[in-house]
Structure formats: C-alpha cells, structure tokens
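# Topology and contacts: notes
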Amino acid sequence: MSAPSSAIQSTLIENRVFEPSAATVAAARVGGMAAYETLCAEADKDPEGFWSRLARENLSWHKPFTKTLDESNAPFYKWFDDGELNASYNCLDRHMGTPVENKTAIIFEADGGEVTQVTYKELLGKVSQFANALKAKGVKKGDRVVIYMPMTIEGVVAMQACARIGATHSVVFGGFSAKALQERIQDAGAVAVITANYQLRGGKELPLKAIVDEGIALGGCECVKDVIVFQRTPTACNMVAGRDSLMHEVMAGQSTDCPAEMVGAEHPLFVLYTSGSTGKPKGVQHSTGGYLLWAKLTMDWTFDLKPNDIFWCTADIGWITGHSYVAYGPLAAGATQIVFEGVPTFPNAGRFWQMIERHKCTIFYTAPTAIRSLIKAAEGDEKVHPARSDLSSLRLLGSVGEPINPEAWMWYYKHVGGERCPIVDTFWQTETGGHMITPLPGATPLVPGSCTLPLPGIAAAIVDEAGHDMPNGSGGILVVKRPWPSMIRTIWGDPERFKKSYFPEELKGFYLAGDGAVRSADRGYFRITGRIDDVLNVSGHRMGTMEIESALVAKTDLVAEAAVVGRPDDLTGEAIVAFVVLKRPRPTGEEAKAIAKILRDWVGKEIGPIAKPKDIRFGDNLPKTRSGKIMRRLLRGIAKGEAITQDTSTLENPAILDQLSENN
Ligand code: PRX
C-alpha cells in the first residue's frame, strides 16, 4: 500500500476501467450511461420541473408544495417551501399497509454479537412511544434535542422520535469529549439530552452519561431541562433527581400511536456540528423536505436499492453518513439494514466479513480507512482475511469520507467484491446532505480512485479562484454552480458565517465545497485531491487544524503557541502533527515524550480522542513570515519529512527548523 500522496500519483496514470456487466445494467434503475444522460438532460433543461417531479414521486406530502425553488434570498435557498410533511412519517407510517410493514427494518448486531431485529411496524411503535414520552416532558416542535448515544436501535429511535414531533435533533458523536459536548449543547440551546448509561466498544464498557454530567457541569447549559438515559448495560449510573430519567421508564405506558407533527418543508430536521477552518465547529442546518428527498433518492440511484437488499452502512449516527444512510435514507426507502454497535477489529479483524456472511448483506458501505486497516490485518493474519467468509451475498460496495487510493480500491474490489461487485466511491459532505459525485452501479464505468461523475441535477464544476471554469486535466477548486434540494440551509445561529464560508463573493454565487479536484482529460471524471482549507481528514473524520490549535493553547500552564498541520498517513489518510512552543525551555528526550503525552491527553479531553496529534514536535519558536504569519506550507513539508526548498532567509531563527524536524 502507498500513502495518499503516492496514491494520487498512481491515479494520474490510472487507466483501469471497469464497465458494469450487461446483467447489472439490465437490472438497474438507472441502466446504462444513456439512461444517466437522459436524467442529466432533464435536470439541465428544467431543474425545477425535475426536482418537483422527484419530490412528488419520492415523498408523501401532507400538503403539496406549489413552488419548487425560492431563490429570492440567495444563498438562503428554499425548496418546496409551502409544502408540509414529516420525515418520520415518510420513513415509517408511509410503509404501513404495504409489504414493507412487516419487513425487518433493522438487524442490530451488538458489540458482543447478540442480534436483535425490529420490523417497520415495531419500529413505528417504539418511535411513537418515545415521541409521546418526549412530548410528555414538554419537548415540542422547534426545540433542539442533543443526542449522545451509541449505535443502537434506540439511537435511531431517538432521532426518528425527534423528527416525529418536529424537534430538531443534534447528534454528537459518542467519541467527543465533555467539553465538545457542552459547546454543542450551548450553541444549539438544547432543551433535552438523550444519552445512554454506557456504550460498548470492543468488549469495553465506556461511559456516556458521566460525560453528559461532566459537560453540563462545565456551565452554560441551563437550557437543558431533561436528560433521558437509555440503559444499554446493567451498570448503574448517576441520576440527577428532577432532571434525569430512564428511556424505558418514560416509554412504559406511552401509547404506540403518535400522529406525526407536520412541518414546513424548510423546517430544520437537524443541526450537525462539523469542523471548519476556524476554531469553532459549525452547526450545519438541514431542512426536512429537500434533505429527505435526497436521502431517499440516493438510496435508489447510488445504491440501486432492491426490495430484498440487506443494506449495511457502517457509519456512526454521530456523522452525516449515519444520518443519511442509517437513520433516514434506508428507512425512507423501505430497506432492511444492519446496524452495528461495535468496532471492526473485535473480537477479531474479520468481524465485518463474518457479519456480511451472517446477515447475507448485499450492499456494504464503509470508509477507506476501515478498508486499509482491514487489509493490513488480513495481510498479517490469514484467519481474518475476507476469503475466510462467504461473501457471495454481496452485489454492491461503497466507499465514503475520504479519497480511496487505487490499491485499496483494487483490494476491496477483488477480495471483498469478488470482482463482481461495482464500487461506488461517493463524494459528499456534511453540508451536501447526501451523495454528490458518485458512479451509478448500473451505468458508470468505474476507475479506481475516482468518484467519477455528478448525480443528475448536481452542477459540480472545477474553477479557478475567480470562478472561471478549468479545462479537463487541470486541477482547481470544486464548486457546485446551482442549488440542490439537500444543501445546507445555514449555519445554526450564524448566517453570516454560512455566506462567507460557502458562497464567497469571488465565486459568483457558486457553492464552495472546500476541496480541490481535477477532471480526467478523457472522461471528465472527477478525482478529489483533498481539502484546500485548514481542514484535515483523519480516518474519514473531519478535524479543523485551528480547533486543535485552540485546544493546545488552552493548556495555558504549558503551551505558548501551537501550529497544527496534516501529513499523509498510510492508514488514516492524514495524521495530525502539532508544532508546539512551550512556556518553558524546549524539552528533549524523555521529558519531551512525557510532555507530548500530557498534551495528547489534554487534546483528547478538550475535543476527543480522534483529535489527538500523532506527532508533537517542540521548538523555541515557530517559523513565521515577516508579517508574523505562521509558514504552514513549510511546516507541512517538515511534517512529511521533506527537504526544505523554500526560502527561509526571513526566518528569525533558522535553527528551529532542525528542532521541529525532530520526532517525539
Ligand atoms: O474532503 C472531502 C472528504 O470528506 C469531506 C467531507 O467530510 P464530512 O463533512 O465529514 O463528510 C464525510 C462523509 C460524507 C469532503 O470535503 N470526502 C468525502 N467523501 C469523499 C471525500 N474525499 C474523496 N473522496 C470521497 N469519496
């Protein structure tokens, strides 16, 4: 395997093409490139007509919309604005009285291997009971509810129950720290937090409720009136009288009937925090109508969903992928899906393959980081190789979250997909709500390492800094030239930042994705070359360099200054490297190691373990330009171990470059 940088090299000369088989084309919803092009032409000719047709066909509307797109206050676009619907109704009630009613909605496999299943009808009952319980607590339409839960049926129930009563949920990934949770609770002004006593990962019981208590105790969370605790394990947890209650107790006695609260199509279904270029995470606000349309439609288009599919998206509900392709898309599409609580390496690194065999999974959707780590495990131990499991049920594979290097793509194709399953490399973002650039399995010829072509109606393009189109073959800035239904609506509480971050003036009103990309000269296929801002992608997790820097300098007794950059990593895509100036003389040897550990643990507490720098280097100061700006490009080079070719004559103390090159 090679690092992404060399993977990029190898995609430049990538000439392997995998055409869909005639049988796949014949059976596909969008069968063949001509069918794809017909949809694109329909969308180009009359975008509003296209989207309104799809919105009517794919969603149940309580009140039909009369206007498709309102651009009067761009970039605050409104879609299907006067229509009314409910997301939970569309995921559950809509299937009642159809063959989906008694179909399995979720096959849940716990960390320890126990399997629980619920049908659509049973899930509707649970969601309704919990929705009634939330109402009984006084939670109402428009309120925000923070969900800090493990991957469980109850996690999905919590999200759906919020949607059912029109409360806007904000799911916080269970790996985030008390501080990160507190900031999100505060920013969202949440009235309730839904959590679990513990989560189980790799055989270990890890606290969640205790972190909620710690987060709230940090202050400024007076908005929280209720904390509802799902008892995942028998172990007791601290309960605050008058504020905390147990999920099963509040549900007991509640009716399994709870009519869904109809909301306007633009009603915020959820706010999901993600990292940006500046310190504070952004609350990405999504709508109900446009978002749900896209979640449902991409299940059909990208995954070419069939009634008998067993769909498995391995993403956590704490990320956008777990929203669109666990909590909403599969349910809106009436699919049977697998929800997995644990980690891919427990009890051994063959877990994913064994689960595919056990549940006869047909569509498997995961992240390149997981694939790369499982390749490594399989190469080291034949017992956890996918060849040891019967993977013949699979018909389609997917990849998401970061560029997939062609070597990993080929391994996935060969050893998991048996050279028969297409791979959909789906490029998208928290802000886009669903897939943007991706192959369609029954249409698009595949090229390893390329996310190929935009979905119909998605006006993706590559431009220069002034918004001019770049010719195929030359790289540039990835933009989307026209609005689409599932796009971010605003940043919660900060519309100015929304405009500035995503619709900068120089780009003529185009949506700025924040990624660089290049289109191939022959096919016009897109290849994402990585972020162009100060955002890192570590194991498919998005991290802001400034966020980590702020965390480091918040360790005021030790740290004077810090700069954080990414460097390519074979396994995690990118790794975090921090350059730190201490308030004491520069440490070396064992002392440096000990301080690096203190700082790593500190960042783990400030943000979460995923933000811990892999490398911490100490210097007497940081390399800066005459105007005092940190020379990040130089630091990126040093982090990669590259020889310094830049002019460093302006540096006050060039000797620090040697210091900063030393590993701890
Ligand atoms: O850099 C791109 C990368 O992940 C970023 C979005 O991260 P997030 O909002 O956390 O959403 C991840 C799940 C959709 C993008 O700006 N990215 C995502 N998918 C791909 C990708 N890079 C290359 N290829 C992909 N398929």
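Residues numbered from 1 in each chain as written. Predicted model: local features only at pLDDT ≥ 70, side-chain atom pairs only at ≥ 80, totals over all residues. Heavy atoms only, no water.

## Observations concerning the sheet that holds strand S17 (residues 336-340)
Spatial strand order, S5-S4-S17-S16-S18-S19-S20: seven strands in an open sheet with mixed pairing. Looking at which strands have only one partner, the edges of the open sheet turn out to be strand S5 (115-119) and strand S20 (423-426). Neighbouring strand axes in the sheet, compared pairwise and without regard to direction, differ in orientation by 20° on average. As judged from the three bridges shared by strand S16 (residues 310-313) and strand S18 (residues 363-366), these two strands associate in the parallel manner. (Pairing = 2+ DSSP bridges. Helix = DSSP H or I, 4+ residues; strand = E, 2+ residues; numbered from the N terminus. Axes fitted to C-alpha atoms, helices over the stretch in contact; angles between N-to-C directions.)

## Quick notes on the UniProt feature "domain: AMP-binding enzyme C-terminal" (unreviewed entry) in the chain
Residues annotated in UniProt with the feature "domain: AMP-binding enzyme C-terminal" (unreviewed entry) correspond here to residues 547-629. Here residues 547-629 is 30% helix and 30% strand, with 17 Å between the C-alpha atoms at its ends. (UniProt positions renumbered as here; feature names shortened; annotations may be inferred.)

## Observations regarding the side chain of His541
When you line up the elements, His541 lands in strand S27 (residues 541-544). Excluding residues within four positions of it along the chain, His541 makes contact with Trp319, Leu536 and Ile610. (Contact = heavy atoms within 4.5 Å.)

## Focus: the site of the ligand
Residues in contact with the ligand amount to 17 residues; listed here are only the nearest, Asp425, Thr430, Asp515, Arg531 and Arg542. Between Gly401 and the ligand, the recorded distance is 3.2 Å, taken from a backbone N or O atom to a nitrogen atom. Contacts to the ligand include Asp515, whose side-chain N or O atom sits 2.4 Å from an oxygen atom. Against a free-state accessible area of 540 Å², the protein chains account for coverage of 95% of the ligand. (Near = heavy atom within 4 Å. Polar contact = N/O pair within 3.5 Å; in protein donor to acceptor, adjacent residues only side chain to side chain. Areas by Shrake-Rupley, 256 points an atom, 1.4 Å probe, with all protein chains shown as cover.)

## Notes on unusual backbone geometry
With an omega of 5°, the peptide bond running from Ala74 to Pro75 counts as cis. Residue Pro347 is bonded to the preceding Phe346 through a cis peptide linkage, with omega at -5°. With respect to the helices and strands, the residue Pro347 is situated in the loop between S17 and helix H13 (351-359). With a phi angle near 55°, Phe80 is a residue other than glycine that sits in the positive phi range. You can see Phe80 is positioned in the loop between strand S2 (78-79) and strand S3 (84-85).

## A word on the sheet that holds strand S22 (residues 476-480)
With antiparallel pairing, four strands are arranged side by side in an open sheet as S21-S22-S24-S25. If you trace the sheet from one side to the other, it starts and ends with strand S21 (460-463) and strand S25 (526-531), each paired once. Put simply, the sheet's adjacent strands are angled 45° from each other on average, direction ignored.

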